[in-house]
Amino acid sequence: MGTIQDWKLRAVFWIGALLVGLLVVGFAWAVELAAETFNRIHAYSPYIPVAMTPLGMMVIIWLMRRMGPEAQGSGIPQVLVVLKQRYHWLRPTFLSLRVIALKFVLTVLGVLCGASIGREGPSVQIGAAMMYSVGQVGRLQQKYVDNALIVAGGAAGVSAAFNAPLAGIVFAIEELSGSFEQRTSGTLILAIILSGVVVLMINGHYSYFGHPQGDLELTANWLAIGVVALICGLLGGLFSRLLISGSRWLTPHAVRHPYRVVFLCGVVLVALGLLTGGATYGSGYEEARSLLDGEHIGDWSFPLAKMGATLVSYFTGLPGGLFSPSLAAGAGIGSAVSGWFPEASVVGITVVAMAAFLAGVIQRPITSFVIVMELTGNRHDLLLSLMVGAFLSAAVSKLVWSRPLYDSLAERMANGAGMAAEGRRPASEDKAV
């Protein structure tokens, strides 16, 4: 049965999970509404975003700089930073209710402006912040419990964002494994599942990308899978290198002239949108869904332009994630490569490329193939091909960029914003850590 403290612990996890599920469902609905609104504006006139996108992004950055710079970017690096023992004192900054509100509103506004961002990274920070806040209300002060709450909240965010509980569990273990505590693992996993149940109750049974039909048997198509993995690994590693190196190079310019940098990035984003007929705006969900139909073979213009659009969107500092744009770029790569293998299934290659490119970008192969498997209707017949594609791609990616992307971003954040703020930390907090 357990002690009163055990039941108090379970209650905090369960209540937090329910709140994360409700919050992320509302977040997903708001983001989808913003994306539909932008698409209607673009359909009315593709030239409206020429002014709306860069100016809107400048307004978002102005709001963020005034109200909470800690809401910038993906959200996953912030969670990784506060899980490190040295930066526990940053938790009230990165995991506050104010950050939840800012991340929610500013990400929605970014999508409304056409930025190439997803909602999954922000969902991780929102989920971790909500679970941590519930823990503070419940006065659970043990260090290992706080770590488990943050891990559970972040993983529940992934689970609720994609309606993919297994992906949330794997994400907790693979991406946040340094703080995965044996003592709370069962309660943690149940919390992730509970957030998925909330999504299921509200949205019903659904698969994010539907149920695309197309087989890709490993032994018969090993060459196609190998080529896809090689290309996705090289491009995924290049994307990570450009994102880290570009952010590092732009940082001093952004400090001196923040709005000029945002405006120029917005202009590049608009130019790519005009060249691709608007395909590079937004998360890329519609484009990926279209490519998964397998009715036509894509070319290289979309995935390369989508990578560029995602890079410049991230360089602005806007709140927004990388998962969905990476999946869309991967779908574009797979569709283009499928033309080289006319005997193989276009849809099968496209699905494998989505997992392979995501694995090349984040270098987390298990999370990548599990997410894609769940998002495409639990295609267990593609499991081996997805696994091979993801693991090969992650290995190739390390030749181009040696560290996982989110670890690199977390390290930059810890050495930059976190270190700058550390000088203002009260002396009493040093003793607490």
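Since the model is a prediction, treat every value here as computed from it, not as a measurement.

### Section: the pattern of salt bridges
When charged atoms on two side chains of opposite charge get close, those side chains can pair.
Piece 1. Taken as a whole and judged by the stated rule, the model has four salt bridges.
Piece 2. The salt bridge involving arginine 119 is made with glutamate 32; its shortest N-O contact spans 3.6 Å. Pair noted here: arginine 119 is in the loop between helix 5 (97-112) and helix 6 (120-137) and glutamate 32 is in helix 1 (residues 4-44), with a separation of 87 residues, a long-range link.
Piece 3. By relative accessible area, glutamate 32 is classed as partly exposed at 39%.
Piece 4. A salt bridge links glutamate 70 to arginine 98, with the nearest nitrogen and oxygen atoms 2.8 Å apart. Here glutamate 70, found in the loop between helix 2 (48-67) and helix 3 (76-82), pairs with arginine 98, found in helix 5; they are 28 residues apart in sequence, far enough to count as distant.
Piece 5. Classification of glutamate 70 by relative accessible area gives buried; the value is 10%.
Piece 6. For arginine 98, a relative accessible area of 43% translates into the label partly exposed.

### Considering empty space enclosed by the protein
Over the atoms, a rolled probe matching the size of one water molecule traces out where space is still vacant.
Piece 1. Under the defined criterion, the tally for this structure stands at one cavity of 30 Å³ or more.
Piece 2. Approximately 30 Å³ is the volume found for the largest cavity.
Piece 3. What lines the largest cavity is simply Phe239, Lys306, Met307, Thr310, Pro325, Ser326, Ala329 and Phe357.
Piece 4. At the level of secondary structure, the elements contributing two or more residues to the lining of the largest cavity comprise helix 13 (301-315) and helix 14 (323-337).
Piece 5. The residue makeup of the lining of the largest cavity, split by class, is five nonpolar, two polar and one charged.

### Notes on helix 10 (residues 222-256)
Piece 1. For helix 10, built from 35 residues, the straight-helix expectation of 51 Å at 1.5 Å per residue is met to within 8% by its first-to-last C-alpha distance of 51 Å.
Piece 2. Taken as a whole, helix 10 carries its principal kink of about 40° at leucine 250; the proline proline 252 stands between one and four residues after it.

### Topic: the packing of aromatic side chains
Piece 1. For the structure on display, the rule yields six aromatic pairs.
Piece 2. Between phenylalanine 239 and phenylalanine 357, the ring centres sit 6.4 Å apart and the planes meet at 65°, which makes this aromatic pair edge-to-face. Taken as a pair, phenylalanine 239 in helix 10 and phenylalanine 357 in helix 15 (residues 346-362) lie far apart in primary sequence, 118 residues in all. Like phenylalanine 357, phenylalanine 239 is buried.
Piece 3. Between phenylalanine 369 and phenylalanine 391 the ring centres are 6.4 Å apart and the planes differ by 45°, which places this aromatic pair in the tilted class. You can see phenylalanine 369 sitting in helix 16 (residues 365-375) and its partner phenylalanine 391 sitting in helix 17 (residues 383-400), a full 22 residues away along the chain.
Piece 4. Phenylalanine 369 sits in the buried class, given a relative accessible area of 7%.

### Section: the side chain of serine 408
Piece 1. Topologically, serine 408 is positioned in helix 18 (residues 405-422).
Piece 2. Serine 408 has contacts with Ile244, Trp401 and Arg403, leaving out every residue within four places of it along the chain.

### Observations regarding the side chain of glutamate 120
Piece 1. Tracing the chain through its elements places glutamate 120 in helix 6.
Piece 2. No salt bridge is formed by the buried glutamate 120; the nearest opposite charge belongs to arginine 119, separated by 4.7 Å.
Piece 3. Among the polar contacts made by the side chain of glutamate 120, one reaches the side chain of serine 324 at a distance of 2.7 Å.
Piece 4. When residues no more than four places from it in sequence are discounted, the contact partners of glutamate 120 are Ala161, Phe162, Tyr208, Phe323 and Ser324.

### With respect to a nonpolar patch on the surface
Piece 1. A cluster of nonpolar residues, Ile15, Leu19, Leu22, Leu190, Ile193, Val197, Met201 and Ile202, forms a patch on the protein surface that exposes about 710 Å² of accessible area.
Piece 2. Breaking the nonpolar patch down by element, the ones donating at least two residues are helix 1 and helix 9 (185-203).
Piece 3. Sort the elements by how many residues they give to the nonpolar patch and helix 9 lands first, with five residues.
Piece 4. Position of isoleucine 15 among the secondary structure elements: in helix 1.
Piece 5. Accessibility expressed as a relative area gives 48% for isoleucine 15, which makes it partly exposed.

### Re the layout of surface pockets
Piece 1. When its volume is computed, the largest pocket comes out at roughly 770 Å³.
Piece 2. Lining the largest pocket are 26 residues, with Gln72, Thr251, Ala254, Gly317 and Arg412 sitting closest to its centre.
Piece 3. Put simply, the parts of the chain that give the lining of the largest pocket at least two residues each are helix 2, helix 3, helix 10, helix 11 (258-275), helix 13 and helix 18.

### A look at the environment of threonine 310
Piece 1. Inspection of the secondary structure puts threonine 310 in helix 13.
Piece 2. On the basis of relative accessible area, threonine 310 is assigned to the buried category, the value being 3%.
Piece 3. Along the backbone, threonine 310 and threonine 280 are 30 residues apart, and their C-alpha atoms lie at a distance of 8.3 Å.

What counts, and where the lines are drawn
Residues numbered from 1 in each chain as written. Predicted model: local features only at pLDDT ≥ 70, side-chain atom pairs only at ≥ 80, totals over all residues. Heavy atoms only, no water. Salt bridge = Lys/Arg side-chain N within 4 Å of Asp/Glu carboxyl O. Helix = DSSP H or I, 4+ residues; strand = E, 2+ residues; numbered from the N terminus. Buried < 20%, exposed > 50% of the residue type's maximum accessible area, 1.4 Å probe, protein only. 1 Å grid on protein atoms, 1.4 Å probe; cavity = no way out; pocket = protein on both sides within 12 Å on 5 of 7 lines; lining within 4 Å. Points joined across faces, edges and corners; volume = space filled by probe spheres on them. Nonpolar A, V, L, I, M, F, W, Y, C, P; charged D, E, K, R; others polar. Expected span 1.5 Å × (residues − 1). Bend = angle between axes of the 7 residues up to and from the residue. Phe/Tyr/Trp six-rings, centres within 6.5 Å; stacked < 30°, edge-to-face > 60°. Contact = heavy atoms within 4.5 Å. Lys, Arg positive; Asp, Glu negative; His and termini not counted. Polar contact = N/O pair within 3.5 Å; in protein donor to acceptor, adjacent residues only side chain to side chain. Patch = residues over 30% accessible without salt bridge, like charges linked within 9 Å, V, L, I, M, F, W, Y side chains within 5 Å. Areas by Shrake-Rupley, 256 points an atom, 1.4 Å probe, with all protein chains shown as cover.

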